[in-house]
Amino acid sequence: MQIKQLNVAGGDKLNLTNNGELDILFVGAGNAFAEKHFQNNFIIVKGDTHLAVDMGETWKTALRQTAGLGMGDIKNLFITHLHPDHANGAATWMMFNRYMVQGKNLFPRIGTVDAGKLMPDEKVKLIATEEFQRLVWDYCFRGGLEHNEEGKNTFARMNLVDYAYIVRPEWMAQKPREINQVQFGDINLQIFRTIHVPDSALTFDTSFVSYGIYLPDDKVLISCDTKFDPAMFEAFPDTQHIFQDVQFFHGGGVHASLQDLKTLDPELKAKMSLMHYDDTYASQNIDGFHGYAKEGAVYKF
């Protein structure tokens, strides 16, 4: 793995295509309340395909400052769960595509059979299971997106599919936990359930829906948000590098504590970059780990 820090002030920006290698850029690496390093959202690039993973409340500013990109540059998204630091920027992004980027194509159709409709190739793409599509619309987007257009030749009520083309992953049978897989362009993506909230949840199937990511072609595991879960690593034994969320207090909480992570096998810790950390990260002892994920850094595999 190589790490390249972008210098956006010097004119660098993230390339959304490459020669087929895997690039991961952290738009932010902090937790929901971090003030120093934005929120833990990232972009995966491979070949001709890019995929944003999560869009939190700091997304728009962070994207410009750490990747040198604007909202209109991003066309594809996967949301891991509904917490504001992971999902609250996504509605704005979908509205931006509909009314700012594609609006010039949308509104001249008024009075035609396609009035108010984006064509499939004009929509942004959202990877979502059937269950998560329902949850993200009802609990996160509906209040702000459903009533944006009403009147003659327009929709009385809008839905998620009016903004985004839904890409549906397929359930992988006979696995120790729920895993869905999708070949999204050049990115082979496995999406697995995590144990995140509520804090009393002990297994993925007693937890509210949340997902982590495994990239099997490059053997990279990204926990996204989860409590301490050693079985997660056992489910993907070929993993060569891990991006793991962390919290710095032990007992309670909904992320893996640093104290618990220190109990893992040294070989596992050595290939683990810690992310989703709070602003006290510099005072923590992380000897034995690969280090911290950093916003604006491109991890090349």
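These notes cover the structure that comes with them. (Residues numbered from 1 in each chain as written. Predicted model: local features only at pLDDT ≥ 70, side-chain atom pairs only at ≥ 80, totals over all residues. Heavy atoms only, no water.)

**Points about the overall build of the chain**
Here is step 1 of the chain: Summing up its helical and strand segments, the chain has 8 helices and 16 strands in all.
Here is step 2 of the chain: Here the C-alpha coordinates of the chain stretch approximately 65 × 45 × 35 Å along the principal axes.
Here is step 3 of the chain: For the chain, the proportion of its 301 residues judged to be buried stands at 56%.
Here is step 4 of the chain: For the chain, the share of sequence-separated contacts (at least 6 apart) that also reach a separation of at least 24 residues comes to 59%.
Here is step 5 of the chain: Of the accessible surface of the chain, which amounts to about 13,300 Å², a share of 49% is contributed by carbon and sulfur atoms.
Here is step 6 of the chain: Taking the average place of the 28 positive charges on the side chains of the chain and the average place of its 38 negative ones, the gap between the two points comes to 5 Å. (Helix = DSSP H or I, 4+ residues; strand = E, 2+ residues; numbered from the N terminus. Buried < 20%, exposed > 50% of the residue type's maximum accessible area, 1.4 Å probe, protein only. Contact = heavy atoms within 4.5 Å. Areas by Shrake-Rupley, 256 points an atom, 1.4 Å probe, with all protein chains shown as cover. Lys, Arg positive; Asp, Glu negative; His and termini not counted. Charge placed at Lys NZ, Arg CZ, Asp CG, Glu CD.)

**Considering helix H1 (residues 59–67)**
Here is step 1 of the chain: Three or more residues of H1 are buried, namely Trp 59, Ala 62, Leu 63, Thr 66 and Ala 67. Buried residues of H1 fall within an arc of 105 degrees about the axis and therefore sit on the same side.
Here is step 2 of the chain: Of the surrounding secondary structure, the elements contacted by the buried residues of H1 are strand S2 (22–26), strand S3 (42–46) and strand S4 (49–53). (Arc of directions from axis to C-beta.)

**Some remarks on the nonpolar core**
Here is step 1 of the chain: Membership of the largest hydrophobic core comes to 67 residues, with the highest contact counts inside it found for Leu 14, Ile 24, Ile 43, Ile 74 and Phe 141.
Here is step 2 of the chain: It is helix H5 (residues 130–145) that provides the largest number of residues to this core, a total of 6 residues.
Here is step 3 of the chain: Apart from residues lying up to four places away in sequence, Phe 141 is in contact with Ile 79, Ala 87, Ala 90, Ala 91, Met 94, Val 136 and Leu 160.
Here is step 4 of the chain: The next biggest cluster of nonpolar side chains, apart from the first, holds 24 residues, and it includes Phe 192, Leu 258, Leu 261 and Leu 268. (Core = buried A, V, L, I, M, F, W, Y, C linked by side-chain atoms within 4.5 Å.)

**A word on the sheet that holds strand S1 (residues 2–5)**
Here is step 1 of the chain: Taking strand neighbours across the sheet as the criterion, the 8 strands line up as S1-S16-S2-S3-S4-S5-S6-S7 in an open arrangement whose pairing is mixed. Edge positions in the open sheet fall to S1 and strand S7 (164–167), since each of these has one partner strand only. Averaged over neighbouring strand pairs, the angle between their axes works out to 25 degrees when direction is ignored.
Here is step 2 of the chain: Of the strand pairs in this sheet, S3 and S4 are connected by 5 bridges, and their pairing is antiparallel. Opposite Ile 44, over in S4, you have Leu 51 as the bridge partner.
Here is step 3 of the chain: Sitting on the sheet, H1 is in contact with S2, S3 and S4, with an inclination near 120 degrees to S2.
Here is step 4 of the chain: Where helix H3 (residues 90–101) meets the sheet, it contacts strand S5 (76–78), strand S6 (124–127) and S7, and its direction lies at approximately 150 degrees from that of S6. (Pairing = 2+ DSSP bridges. Axes fitted to C-alpha atoms, helices over the stretch in contact; angles between N-to-C directions.)

**Describing the sheet that holds strand S14 (residues 272–275)**
Here is step 1 of the chain: Overall, mixed pairing links the 8 strands, which are arranged S8-S9-S10-S11-S12-S13-S14-S15 in an open sheet. Either end of the sheet is taken by a strand with one partner, and the two such strands are strand S8 (170–171) and strand S15 (291–292).
Here is step 2 of the chain: Alignment of strand S9 (residues 179–184) against strand S10 (residues 187–193), held across 6 bridges, turns out to be antiparallel. Each bridged residue has a counterpart across the sheet, and for Gln 183 the counterpart in S10 is Asn 188.

Keep in mind these numbers describe shape, not what the thing actually does.
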